[in-house]
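# Overview (structure and organization)
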Amino acid sequence: MSRLVVLMYHALYEGEREFFAIDAADRTYAVSVSAFEAQLDILARRGLPVADPAVLPRKLDKEERIVLTFDDGHASTYRHVLPRLLRRDLRAAVFVTSDFIGHRPGFCGWREVREMAERGMLIGSHGRTHRFLDDLPEEAARAELRDSKATIEDHVGGVVEQVSFPGGRFRPCDVEAGILEGYRVFHTSRAGAHRAGRLPEGVVLCRIAVRQGTSAGEFEALASASPGWLLRARALGGAKAAVRRALGNGRYHALYERLAGGAG
């Protein structure tokens, strides 16, 4: 059965200097440039074509098996990702946290975001401040979706119709609010793949995270939607969700940052 796999990346780095310039809590999701290039080679070798995310949510052809997404708006998305995708004639979705753009060190400016859009990348929202929506009152969460969408549209042009939930956290009411604000596709961090076929308006997509420690063999398994790998990933995701519910978002994220910082 044909499966659609949405891959979730964050920052890329080349060399130790760039790696240690990334926030310690984010390094677990940082992928080296050489590993990223090797992963693109794996997709080509396995015959797993990369779809243009702009076609979502329409029905994908059976050949369109992979969607590449990049969260946050790190400068490395422009510096390292863009040229490597263009050389292979590939497209990706870049979800930017609008308050970070042009203001936070290590992140793109609006000129870079506009250029990525002009070169064929889909620019979507990753919230305005990267606050977790399920921690916010419903109206404040809706404002995060509305304001980031408006800011990106003002700076980049075009209509923003896709969003990646910060931290992957959301409630059904956040999806409903997003639909009312004009979003058509919602990206989460829940591990999983989707059957090939028509995707409905307002679809909530699973994604598979590519991490610093993702080996070539593991990448091949996750990109090809290996049933065994997906089963283990869902089990791990369920365990993490249970811990997060027990601790609450704030304490869970603080624990994650301490562990990630120690690992860095």
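Residues numbered from 1 in each chain as written. Predicted model: local features only at pLDDT ≥ 70, side-chain atom pairs only at ≥ 80, totals over all residues. Heavy atoms only, no water.

This brings us to the environment of Arg 88. For Arg 88, the location among the structural elements is in the loop between helix H3 (75-87) and strand E5 (93-96). Look at Arg 88 and you get partly exposed, because its relative accessible area is 33%. Separated by 48 residues in the primary sequence, Arg 88 and Leu 40 place their C-alpha atoms 9.0 Å from one another. (Helix = DSSP H or I, 4+ residues; strand = E, 2+ residues; numbered from the N terminus. Buried < 20%, exposed > 50% of the residue type's maximum accessible area, 1.4 Å probe, protein only.)

So, on to the pairing of E5. Side chains Ala 93 and Phe 95 of E5 all project onto a buried face; the interleaved residues Val 94 and Val 96 project onto the opposite face, where all are buried too. As paired elements, strand E4 (residues 66-72) and E5 share four bridges and run parallel to each other. Paired with Asp 72 across the bridge in E5 is Val 96. Relative to strand E6 (residues 122-125), E5 runs parallel, the two being bridged by four bridges. Each residue of the ladder has a partner; that of Val 94, found in E6, is Ile 123. With helix H4 (residues 110-118) bridging E5 and its parallel neighbour E6, the resulting β-α-β unit is right-handed. (Pairing = 2+ DSSP bridges. Right-handed = clockwise from strand over helix to strand, strands pointing away.)

As for its placement among the helices and strands, Gly 182 is situated in the loop between helix H6 (172-181) and strand E8 (185-187). Judged by relative accessible area, which is 29%, Gly 182 ranks as partly exposed. Sequence-wise, Gly 182 and Val 159 are 23 residues apart; in three dimensions their C-alpha atoms are separated by 8.9 Å. For Gly 182, the residues in contact, after removing those within four places along its chain, are Lys 149, Val 160 and Glu 161. (Contact = heavy atoms within 4.5 Å.)

Helical periodicity: at 3.6 residues per turn, an α-helix aligns residues three or four positions apart in one direction. When the terminal C-alpha atoms of helix H2 (residues 33-45) are compared, their 18 Å separation across 13 residues agrees well with the 18 Å that a helix rising 1.5 Å per residue should span. Within H2 the residues assigned to the buried category are Val 33, Phe 36, Gln 39, Leu 40, Ile 42 and Leu 43. Where the residues of H2 are buried, they touch strand E1 (3-9), strand E2 (12-13), strand E3 (31-32), E4, H3 and helix H7 (216-223). Positive phi shows up at Gly 47, right after H2, with a value of about 70°. (Expected span 1.5 Å × (residues − 1).)

Turning next to H6. Burial in H6 covers these residues: Cys 173, Asp 174, Val 175, Ala 177, Gly 178 and Glu 181. In this structure, the buried residues of H6 make contact with helix H5 (138-156), E8 and strand E10 (203-205). In the stretch just after H6, Gly 182 is the one whose phi turns positive, near 110°.

The next point concerns the packing of H2 against H7. At their nearest, the axes of H2 and H7 sit 10 Å apart, and the two run at 45° to each other. Taken together, the axis directions place H2 and H7 in an arrangement best described as oblique. The handedness of the crossing between H2 and H7 is right-handed. For the pair H2 and H7, the contacting residues are Gln 39, Ile 42, Leu 43 and Arg 45 in the first and Ala 216, Phe 219, Glu 220 and Ala 223 in the second. Grouping the constituent residues of the contact of H2 with H7 by class yields five nonpolar, one polar and two charged. (Axes fitted to C-alpha atoms, helices over the stretch in contact; angles between N-to-C directions. Parallel < 35°, antiparallel > 145°, perpendicular 65-115°, else oblique. Left-handed = near helix turned anticlockwise from the far one by under 90°. Nonpolar A, V, L, I, M, F, W, Y, C, P; charged D, E, K, R; others polar.)

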